[in-house]
Amino acid sequence: MTVKPTKTNFHKFSNLGHFISDPRLEVKKMLTKFETKSNRVKGLSFHSKRPWILASLHSGVIQLWDYRMGTLIDRFDEHDGPVRGVHFHQSQPLFVSGGDDYKIKVWNYKLHRCLFTLLGHLDYIRTVQFHHENPWIVSASDDQTIRIWNWQSRTCISVLTGHNHYVMCALFHPKEDLVVSASLDQTVRVWDIGALKKKSVSPADDILRLSQMNTDFFGGVDAVVKYVLEGHDRGVNWASFHPTLPLIVSGADDRQVKIWRMNDTKAWEVDTLRGHMNNVSCVLFHARQDIIVSNSEDKSIRVWDATKRTGLQTFRREHDRFWILGCHPEMNLLAAGHDSGMIVFKLERERPAFSVSGDSLYFVKDRFLRFYEYTSQKDTQILPIRRPGSISLNQSPRTLSYSPTENAILVCSDVDGGSYELYIIPKDSITRGDTVQEAKRGVGGSAVFVARNRFAVLEKSTNQVLVKNLKNEIVKKSALPVVTDAIFYAGTGNLLCRAEDRVLIFDLQQRLVLGDLQTSFVRYVVWSNDMESVALLSKHSIVIADKKLVHRCTLHETIRVKSGSWDDNGVFIYTTLTHIKYCLPNGDSGIIKTLDVPVYITKIFGNTLFCLDRDGKNRPIVIDSTEYIFKLSLLRKRYDHVMSMIRNSELCGQAMIAYLQQKGFPEVALHFVKDERTRFNLALESGNIQIAVASAKEIDEKDHWYRLGVEALRQGNSGIVEYAYQRTKNFERLSFLYLITGNLDKLSKMMKIAEVKNDVMGQFHNALYLGDVQERIKILVNAGHLPLAYVTAKTHGLKDYAEDLADKLKGNVPSLTSGRTSSLLIPPTPVLCGGDWPLLRTMKGIFEGGLDNAGKGGNEEYEDAADADWGEELDIVDVENIQNGDISMVLDDEEAAEENEEGGWDLEDLELPPDVETPKTTTSRSSVFVAPTAGMPVSQIWVQKSSLAAEHAAAGNFDTAMRLLSRQLGIKNFTPLKSLFIDLHMGSHSYLRAFSSAPLISLAIERGWSDSASPNVRAPPALVFSFTQLEEKLKAGYKTTTTGKFTEALRLFLSILHTIPLIVVETRREVDEVKELIIIVKEYVLGLQMELKRRELKGNPVRQQELAAYFTHCNLQLPHLRLALMNAMTVCYKAGNLITASNFARRLLETNPTAENQTKTARSVMQAAERNMKDSTQLNYDFRNPFVVCGATYVPIYRGQKDVLCPYCNSHFVLSQEGQLCTVCDLAVVGSDASGLLCSPAQIR
């Protein structure tokens, strides 16, 4: 393929003078709904039903996006080179694409592949489009032709020739048999394809069929040029039809947009729209509004009034040229492709402004104020709202506020940057009122009624609220406590003020803040009917709070939240773009109904939800509230309601079962479930062994019996444990069960079974459990282990056995160590023999009792298990009254017969009936044994109640402790803190041993515990680190510093720095002391690090002097400062830097040293310097200019130079160290954001 010049290089304008841009035209930010970043977008197509858009890229890739979710669904990349045209089919799962590889490809997006390729064009393909009815595709190409293809027969059915330059665009008329095309030959052509349509329909009679055959044979014209529209001075890039009117709009390289009208015989130019400053790339009529949208290589999108033919609005990008526009066929959505991606946007908000008052709704539709009565569902027009004089879009009312007593309404809009109009609704409001009422107007960001005859207006410029009366006169002014960009009603005399990252309630009378809450940008505020709860709606979240803005819960949505209202039960019902959903007071949410189009909820009456759609029509929607009422009843513990709903409602489904499990009601979920596997899982979770046994018998799988045994063992129900092990033939576990329950009879039978099964190890283990030495000797002899058998017999004093074995061993008798006493290994007596563990007797819960009675007929299926009394001995009884079988039932009949023939053990006394029943019980159905519910672990209570990292570490929750430290102090390196975390956790717990076979019991140690404390109130954890310990360490550090043990001193000071984040103090004064300690220790760590570094440097005297000098500028205790000054003075003096040395001597004398030798040396140095005032080497040290030392590079940062700080220890660093680990504390990242040290409950209070 040859590379050719692009059409944009062909024509350049030299004269811009005659292009007119309306000076009043507003450049605004568009209502962007979705944006992508990608290669240049050359083609766009909206799906007619799904929220999808296709984007074809200059790179050859076609992307399929869900613009509502903001996700890439699929990508198709079979084209070689740019793809300039793409189009969805209206009803089939198809789309078509055309590219610079001369190929048209038809794809099935469900199959994720290309179905076929249409070949015929000889140059780049610019546009492709499906016909709305026929199986046709129209394509425009740089080969100067337009082709129409039948995608079912996969053939070209017509070639439209006539253009003499690249054809940039070809589109079907949405209703008629016409095609419009635009070309760089400066013309727009309209083609009549009526003959082609007739040809595609099979003729009814023979004469017509004959004429068609003649046409086919001798050649006929399927498509003819109807009009040639000439008027553009340069190549035309785009032309498109109006969806309903006989109009065409075109855009060209002459930077003009032209409107053309046509009738049956001719077409003519109507008007020209000027304003673009470069080639117009694409232009089209809006599908739902009387406007024209164009975009251009001048990096702008312009919106024009199609009636007045004036510019309305301009949207600009800084760096990206626009290439293509797409319009949704049914919704108010547009898309534009540019150099670095695409945007999906709207021109105007579609949410109608409304206000609910009692049983009525006031709303604005088509510039009329309307009244809707919920009970009668009657919609009445009240009065017209004036049309704003602005020439811009998006000037319709945004909010309404209604005063019922005065019958007054406030209408707020974005006109003039925010304004309001006050209307008094006439008493006879039924009349149409065609004459516009003279409203009282004013400028303000928002306006709401705050009392019967008072309303508040936000004056953004001064950040104050003006309270006005119904005459529009200012009654009062109040300055707001935060910078506010909107106000909402919050009860009489109160305002809810929205700031950038928070909302607060402001009392206008007392000028007090009644409550505030941090939240993302709030768009709408919905109060409950009793004004006790409020929902704050953001773009993708909902925050529920009480009337004082105390946070209750937050809900996040991936799809945009549109509206909401409270129902009578205190449940918040809200809509997203696609669903009606509910939010319970605890934050649980779910879907009520799926929506075809977005709606805005206004009021909820019982199961009827009233809402406004985007056309301003009131729609009552009946919803099924069963699910959320059921969950609400559970939440509020209204178990009578729950039982009633279980009996009478169809509340099944995996989602409901999962919800009940999650919320700790598996026993309720049991009543919904028929599937045995799910019943088994729920029964185990709720501890209902009876139902679990019944389900396990139905399922009869090894894994389920094993899990049943584990749960029964947890409850101490040895009968069911035995039964489960018998069903799975788990001999090892059975033997161990009999050992720990002291059932020696059955243990001896287990030994016989092992012998029959020829299981030598099992037989030996059982003999060991029983303490049967003779049996062990016999087993070892039979297994051929004569030396072991001899040792066993000799050790246990069985002389006869030992002598017999010695004879058999002859000369190979093993020797035993003499002088040792031996004792028989006997298993300990169990704490609890034979029976089940004692259980707490409780009455049946409301669910078990009530629901069992309700469904008695269905309980026979697990009656076997439900009547069990598992505390009885599991002795073998007759067939009529079978309980747990003897363990010998696991033998197969054939195996037993074979063993008996071989003269094995006599097992006649172990014969059992073939069917073994579950253990039975005689306990009455009125009450059951239920294990008490486990309480919340103390460590979990500590975590929930605290924001202190030390207390989280003490609770063992290291993950949250690290997150807290990272957020508060910017700590990222937790290696030095690992041992401290472990010490904290171990130190806040004690461990008790109950008896040898039981696990250790962990006990939490609480801070400040006393006998008088309530057992239900948990104190915070006792911590092993205290501020007093740190003070002792500080004194030890001072002492080692004085004696010159710098390495040990540095270790002590670093230990203090590492411990401080994990201590807790009680008072504010102590918090200040802790912060002061950080600064003190930090100075010593930095100074000692520099001194140790200096001592390592042997061959660099200049750097040695610098480090010694910097050490003297650390904030040290006076004795240590004197030593540092003495040290620096000595180093500099020896190196010949006398001026610098004399400075240190002077500073030393200023401290009035107590040691005589220090004073004497300092004076001698000063005298020597006065005789020879010079420095032999230049140091990076200016003692006249104040500075701090960089903690990493050890260089001075002089006053006025920029630096960065460690968020924890406040050490200073040069800018290049930002993002690196602090070398002083070795914990935090330099320059990271942190909220500050939190080490006391007093800081939180």
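Since the model is a prediction, treat every value here as computed from it, not as a measurement.

Colleague: Hey, could you go over the overall build of the chain for me, with residue numbers and the actual values?
Modeller: Looking only at helices and strands, the chain has 31 helices and 64 strands in total. A burial count over the chain gives 51% of its 1245 residues as buried. By sequence separation, contacts in the chain at least 24 residues apart represent 51% of the contacts at least 6 residues apart. For the chain, the computed accessible surface area is about 59,700 Å², with 50% contributed by carbon and sulfur atoms.

Colleague: Describe in detail the nonpolar core, supporting the description with residues and values.
Modeller: Counting residues in hydrophobic clusters, the biggest one holds 84 residues, and the most contacted among them are Leu 965, Phe 1053, Ile 1060, Tyr 1208, Cys 1209 and Cys 1225. The element contributing the most residues to this core is helix α26 (residues 1068-1096), with ten residues. Not counting the four nearest positions on each side in its chain, Cys 1225 is found in contact with Leu 1057, His 1058, Cys 1206, Tyr 1208 and Cys 1209.

Colleague: Please set out the environment of Thr 821 residue by residue, giving values where relevant.
Modeller: As for its position among the elements, Thr 821 is in the loop between α16 (799-809) and β57 (841-843). Using a relative accessible area of 83% as the deciding quantity, one classes Thr 821 as exposed. With 25 residues separating them in the primary sequence, Thr 821 and His 796 have C-alpha atoms 9.8 Å apart.

Colleague: If you had to explain the packing of helix α12 (residues 744-756) against helix α13 (residues 760-770) to someone new, which residues and values would you point to?
Modeller: Remark: α12 packs on α13, axes separated minimally by 8 Å, with the N-to-C direction vectors making an angle of 160°. Classified by the interaxial angle, the pair formed by α12 and α13 is roughly antiparallel. As α12 runs across α13, the sense of the crossing is left-handed. Residues Leu 744, Leu 747, Ser 748, Met 750, Met 751, Ala 754 and Glu 755 of α12 form the contact with α13, whose participating residues are Gly 762, Gln 763, Asn 766, Ala 767, Tyr 769 and Leu 770. Here the contact of α12 with α13 is built from residues that sort into eight nonpolar, four polar and one charged.

Colleague: Which residues make up unusual backbone geometry, and what values go with them?
Modeller: Here the phi dihedral of Asn 472 falls at roughly 70°; this positive angle occurs in a residue that is not glycine. Structurally, Asn 472 can be placed in the loop between β40 (464-469) and β41 (474-479).

Colleague: So what about the sheet that holds strand β10 (residues 113-119)? Which residues, and what values?
Modeller: To summarise the sheet geometry, strands pair through backbone hydrogen bonds and adopt either a parallel or an antiparallel arrangement. In spatial order, the strands read β7-β8-β9-β10; together these four strands make up an open sheet with antiparallel pairing. Because the sheet does not close on itself, it has two edges, and the strands there are β7 (83-88) and β10. Geometrically, the sheet is characterised by an average inter-axis angle of 20° between neighbouring strands, direction not taken into account. With six bridges joining them, strand β9 (residues 103-108) and β10 adopt antiparallel strand pairing. The partner of Lys 105 across the bridge, within β10, is Thr 117.

Colleague: Explain the packing of helix α28 (residues 1118-1134) against helix α30 (residues 1156-1171) to me, and be specific about the residues and the numbers.
Modeller: How two helices sit against one another is set out by the angle between their axes and by the gap between those axes. Two numbers describe how α28 lies on α30: the axes approach to 11 Å, and their chain directions differ by 35°. Considering only the axes of α28 and α30, their crossing is left-handed. The segment α28 lies against α30, with Arg 1122, Leu 1123, Met 1126, Met 1129 and Tyr 1133 engaging Asn 1157, Gln 1158, Thr 1161, Ala 1162, Val 1165 and Ala 1168. Split by residue class, the contact of α28 with α30 holds seven nonpolar, three polar and one charged.

Colleague: Provide a residue-level description of the packing of aromatic side chains, including the pertinent values.
Modeller: Within the structure shown, the criterion is met by 34 aromatic pairs. Look at Tyr 1181 and Phe 1183: their rings are 6.3 Å apart centre to centre, the planes differ by 50°, and that puts the pair in the tilted class. You can call Phe 1183 partly exposed: its relative accessible area is 26%. Each residue in the set Trp 52, Phe 76, Phe 88, Phe 95, Trp 107 and Tyr 109 is aromatic and connected to the rest through ring pairs, giving one cluster. The ring centre of Tyr 524 lies 3.7 Å from the NZ or CZ of Arg 351, which sits over that ring.

Colleague: Lay out the confidence of the model for the chain in plain terms, naming residues and giving numbers.
Modeller: Parts of the model with low pLDDT should not have their predicted coordinates read in detail. Across the chain, the average pLDDT comes to 82, with 84% of residues at or above 70. Every residue in residues 7-27 scores below 50 in pLDDT, and together they form 51 contacts with partners more than four places removed in sequence or on other chains. The low-confidence segment residues 215-219 (pLDDT under 50) makes three contacts with residues lying over four places distant or belonging to another chain.

Colleague: Go over the sheet that holds strand β20 (residues 247-252) with me, naming the residues and quoting the values.
Modeller: Pairing in this open sheet of four strands is antiparallel, and the strands run β19-β20-β21-β22 from one edge to the other. Where the open sheet ends on each side, the last strands, each with one partner, are β19 (236-241) and β22 (267-274). Pairs of neighbouring strands in the sheet enclose a mean axial angle of 20°, with direction left out of account. Here β19 runs beside β20; their pairing, made up of five bridges, is antiparallel.

Colleague: Lay out the side chain of Ser 1211 in plain terms, naming residues and giving numbers.
Modeller: With respect to the helices and strands, Ser 1211 occurs in the loop between β63 (1204-1205) and β64 (1212-1213). With a relative accessible area of 2%, Ser 1211 lands in the buried category. When residues no more than four places from it in sequence are discounted, the contact partners of Ser 1211 are Lys 1082, Val 1204, Leu 1205, Cys 1206 and Val 1224.

Colleague: Just give me the short version of the environment of Pro 1101, but keep the residues and values in it.
Modeller: For Pro 1101, the position within the fold is in helix α27 (residues 1101-1111). For Pro 1101, a relative accessible area of 45% corresponds to the partly exposed category. Measuring from C-alpha to C-alpha, the distance between Pro 1101 and Val 1131 comes to 8.6 Å, with 30 residues separating the pair along the chain.

Colleague: Can you explain a negative patch on the surface? Please cite residues and give values.
Modeller: On the surface, a cluster of negative charge is made up of Asp 800, Glu 803, Asp 804 and Asp 807. Note on placement: Glu 803 falls in helix α16.

Colleague: Describe the pattern of salt bridges, and please don't skip the residues or the numbers.
Modeller: In total, this model carries 40 salt bridges according to the counting rule given. Between Lys 197 and Glu 133 there is a salt bridge whose closest N-O contact spans 3.3 Å. Placement of the pair is Lys 197 in helix α1 (residues 194-200) and Glu 133 in the loop between β11 (125-130) and β12 (136-141), with a sequence separation of 64 residues. Close ionic contact of Arg 502 with Asp 516 constitutes a salt bridge, the shortest N to O distance being 2.4 Å. Here Asp 516 lies in strand β45 (residues 512-518) and Arg 502 lies in strand β44 (residues 502-507), a separation of 14 residues in the sequence. For Arg 502, a relative accessible area of 22% corresponds to the partly exposed category. Within this structure, Glu 35, Lys 37, Arg 317 and Asp 320 form a network of salt bridges that share partners.

The rules behind each value
- Residues numbered from 1 in each chain as written.
- Predicted model: local features only at pLDDT ≥ 70, side-chain atom pairs only at ≥ 80, totals over all residues.
- Heavy atoms only, no water.
- Helix = DSSP H or I, 4+ residues; strand = E, 2+ residues; numbered from the N terminus.
- Buried < 20%, exposed > 50% of the residue type's maximum accessible area, 1.4 Å probe, protein only.
- Contact = heavy atoms within 4.5 Å.
- Areas by Shrake-Rupley, 256 points an atom, 1.4 Å probe, with all protein chains shown as cover.
- Core = buried A, V, L, I, M, F, W, Y, C linked by side-chain atoms within 4.5 Å.
- Axes fitted to C-alpha atoms, helices over the stretch in contact; angles between N-to-C directions.
- Parallel < 35°, antiparallel > 145°, perpendicular 65-115°, else oblique.
- Left-handed = near helix turned anticlockwise from the far one by under 90°.
- Nonpolar A, V, L, I, M, F, W, Y, C, P; charged D, E, K, R; others polar.
- Pairing = 2+ DSSP bridges.
- Phe/Tyr/Trp six-rings, centres within 6.5 Å; stacked < 30°, edge-to-face > 60°.
- Lys NZ or Arg CZ within 6 Å of the ring centre and 35° of its normal.
- pLDDT = per-residue confidence, 0-100.
- Patch = residues over 30% accessible without salt bridge, like charges linked within 9 Å, V, L, I, M, F, W, Y side chains within 5 Å.
- Salt bridge = Lys/Arg side-chain N within 4 Å of Asp/Glu carboxyl O.
- Lys, Arg positive; Asp, Glu negative; His and termini not counted.
- Charge placed at Lys NZ, Arg CZ, Asp CG, Glu CD.

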